[in-house]
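Each chain is listed here by its residues.
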Amino acid sequence: MVEMTGNASAGEMVEKDTGKEHNHGVSFGEAFRVWLRIAALSFGGPAGQIAVMHRIIVDEKRWIGEHRFLHALNYCMLLPGPEAQQLAIYIGWLMHRTVGGLVAGILFVLPGFLSILGLSYIYAAFGNAAIVAGLFFGLKAAVLAVVVQAVIRIGSRALKNRVMVSIAAAAFIAIFFLHVPFPLIVLAAGIIGFFGGRAGIAAFRTGGGHKAGSGAVLSDADSVLGEDIPAHARPNLAWALRMSSVLLALWLVPVAGLYAFVGPDSVFAEIGLFFSKMAVVTFGGAYAVLAYVAQEAVQHFGWLKPGEMLDGLGMAETTPGPLIMVVQFVGFMGAYRDPGSLDPMLAATLAAMLTTWVTFVPCFLWIFLGAPFIEKLRGNIALAGAMSAITAAVVGVILNLAIWFALHTLFAEVATVQLGGLRLDIPVLQSAVPAAMALSAAAAIAIFRFKASVIATLLACAAAGMLWTLAVN
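Residues numbered from 1 in each chain as written. Predicted model: local features only at pLDDT ≥ 70, side-chain atom pairs only at ≥ 80, totals over all residues. Heavy atoms only, no water.

Peer 1: Which parts of the structure should I look at to understand the packing of aromatic side chains?
Peer 2: For any pair of aromatic rings, the description rests on two quantities: the centre-to-centre distance and the angle between the ring planes. The full count for this structure, using the stated rule, is 17 aromatic pairs. Taking the centre distance of 5.4 Å and the plane angle of 65° together, the rings of F274 and F301 count as edge-to-face. Here the residue F274 occupies a position in helix α9 (residues 267-279), and F301 occupies one in the loop between α10 (286-300) and α11 (306-318), the gap between them amounting to 27 residues. Here F274 falls in the buried class, since its relative accessible area comes to 3%. Here the aromatic rings of F364 and F368 are separated by 6.4 Å at their centres, their planes lie at 35°, and the arrangement is tilted. Highlighted residues: F364 and F368, both in helix α13 (residues 344-370), separated by 4 residues, approximately one helical turn. Here F364 and F368 have matching classes, each one buried. Here a set of aromatic residues connected by ring pairs shows up, and it is made of F274, F275, F301 and W303. (Phe/Tyr/Trp six-rings, centres within 6.5 Å; stacked < 30°, edge-to-face > 60°. Helix = DSSP H or I, 4+ residues; strand = E, 2+ residues; numbered from the N terminus. Buried < 20%, exposed > 50% of the residue type's maximum accessible area, 1.4 Å probe, protein only.)

Structure (structure tokens):
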């Protein structure tokens, strides 16, 4: 395997091949099996994925302590991209250096990529068949309840005072009524929170994060890794610059190559650039950015129809891996419908790979570039304030997403009304879909009243959707 050895006095880190175990005694082979197990169990969105990681890494394997786990998580939440996957990269890097981070991050994505790719093939080939159409009809209705649950869950954690409620309300107004781009909303909230935190305003000290677990707390000193900072985890600017240069090239050179060889109007160039931009603004998880992705993919690029975004989210909800994997489906369908001179399925497969590449390669960049310097940020109140404000803004954005999903799930037609500077989407009441309303209501009752799992609810609604479609056709 690949190991990095560090000279504490010179701070140099050199990668070399070695078959030895690390000082903590956890072999790379054992770590590979653990990360594969975590990847296979990574259902239920970031909260569920982080809970699984905590149960296995902290409670069961005792690799790192509670404090170190939460410290890593809090800083991963400051970064764009899926925090659960970045947390896996971070812990893998702590335990087995660069190769450990690469393996943990790749395995976290791979099962979801393969699952969604297979479902995308079925969707593209048989999407109009009654049974497949019914399956996704049921999934869309259930996903609406899941998104509403996300609004409530994140809102209950983030909106602890009037300032945070005001930021959430302002974010909702900005994106729903004024159609302000999501990146600008995140930037504005982050600036407000940064200066509010630095000024010592109490409202910006609410913090963020997921509840890792309950029960006895494992101290860092009692963990396998211990409480000291490993030699390879100490800041080294030269190594960080070399690593970031390699990852930047892996990320951006393919995008630049597409622009040069196939032209800026090619669907592949558009996908590469658009999802590269998404990779730097996906603060707050998949739900926060999906409204922006849906708006651009449906209205600007024409890659998807409105209801198809819900189909993709249903795929991502029922497969392992980060929910942001839904963008793979978006890229797949975009190239399938505009394959150029290629076979549509081949073009769609290449686009799915490209979308996944430009979405997740930056995650490795953020961790490998920043992780060695992360300990210096411990207790930084300005950054904590920025995170609090961004999380509050995300609540307003997800509320917008829930309304957007509801309009396009429960009604067959939606009209756009212009009122001065405001643009509103109004449902055509005569186009209401009673079956979708009934399934969404059933999903909401299952999730909120009976505390049914998301996976069970989605599968049940998918089955009901298939039965309903077969019955009426």
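Let us keep going from here.
Peer 1: I keep staring at a nonpolar patch on the surface and nothing clicks. Help me out?
Peer 2: Taken together, the side chains of I173, L178, V417, L419, L422 and I426 make up a nonpolar region of the molecular surface, amounting to roughly 470 Å² of accessible area. Secondary structure elements with two or more residues in the nonpolar patch: β3 (414-419) and β4 (422-427). Relative to the assigned elements, I173 resides in helix α6 (residues 162-176). (Patch = residues over 30% accessible without salt bridge, like charges linked within 9 Å, V, L, I, M, F, W, Y side chains within 5 Å. Areas by Shrake-Rupley, 256 points an atom, 1.4 Å probe, with all protein chains shown as cover. Salt bridge = Lys/Arg side-chain N within 4 Å of Asp/Glu carboxyl O.)

Peer 1: How do you make sense of the pairing of β4 when you look at a structure like this?
Peer 2: Across a regular strand the side chains alternate sides, sitting on one face of the sheet and then on the other. Strand direction decides the pairing type here: β3 and β4, joined by 6 bridges, are antiparallel. Considered in β4, the bridge of V414 is made with P427. Linking two consecutive strands that pair antiparallel, namely β3 and β4, is a turn of 2 residues; a positive phi of about 65° is found at G420 within it. (Pairing = 2+ DSSP bridges.)

Peer 1: Honestly, the environment of I403 in this entry has me stumped. Any pointers?
Peer 2: Within the fold, I403 resides in helix α14 (residues 381-410). In this structure, the C-alpha to C-alpha distance between I403 and F176, residues 227 residues apart in sequence, is 9.0 Å. With residues up to four places along the chain from it excluded, the contact list for I403 reads F172 and F176. (Contact = heavy atoms within 4.5 Å.)

Peer 1: Would you mind going over helix α7 (residues 182-198) with me for this structure?
Peer 2: In an α-helix, one full turn covers 3.6 residues, which means residues spaced three or four apart are oriented alike. For α7, with 17 residues, the first-to-last C-alpha span of 24 Å sits near the 24 Å given by 1.5 Å per residue. Among the residues of α7, F182, I185, V186, A189, G190, G193, G196 and G197 are the ones counted as buried. The buried residues of α7 occupy one face: seen down the axis, they fall within an arc of 135°. Along α7, exposed side chains directed more than 90 degrees from the buried face belong to L187 and R198. Where α7 terminates, the next one or two residues include G200, which has phi positive at roughly 80°. (Expected span 1.5 Å × (residues − 1). Arc of directions from axis to C-beta.)

Peer 1: Help me out: how do you make sense of the environment of V280 in this one?
Peer 2: With respect to the helices and strands, the residue V280 is situated in the loop between α9 and α10. Spatially, the C-alpha atom of V280 lies 9.3 Å from that of C363, the residues being 83 residues apart in sequence. Discounting residues that sit within four places of it in the chain, V280 has contacts with P80, W251 and W366.

Peer 1: Quick question: what am I supposed to make of the pattern of salt bridges here?
Peer 2: Here the idea is simple: oppositely charged side chains can pair when their charged atoms come close. Considering all chains together, one arrives at 3 salt bridges under this definition. Between K140 and D311 there is a salt bridge whose closest N-O contact spans 4.0 Å. Note that K140 is positioned in helix α5 (residues 130-158) and D311 in helix α11, a separation of 171 residues in sequence. By the burial criterion, K140 is buried, and D311 matches it. The partner of E308 in a salt bridge is R337, and the shortest N-O contact between them spans 2.6 Å. On the criterion of sequence distance, the pair formed by E308 in helix α11 and R337 in helix α12 (residues 326-337) is long-range, its members being 29 residues apart.

Peer 1: What am I meant to see in unusual backbone geometry here?
Peer 2: Phi at H179 takes a positive value of approximately 55°, unusual for a residue other than glycine. Here H179 lies in the loop between α6 and α7. The class of H179 is partly exposed, set by a relative accessible area of 24%. Unlike most non-glycine residues, K451 shows phi in positive territory, near 55°. Mapped onto the elements of the fold, K451 is located in the loop between α15 (434-449) and α16 (454-472).

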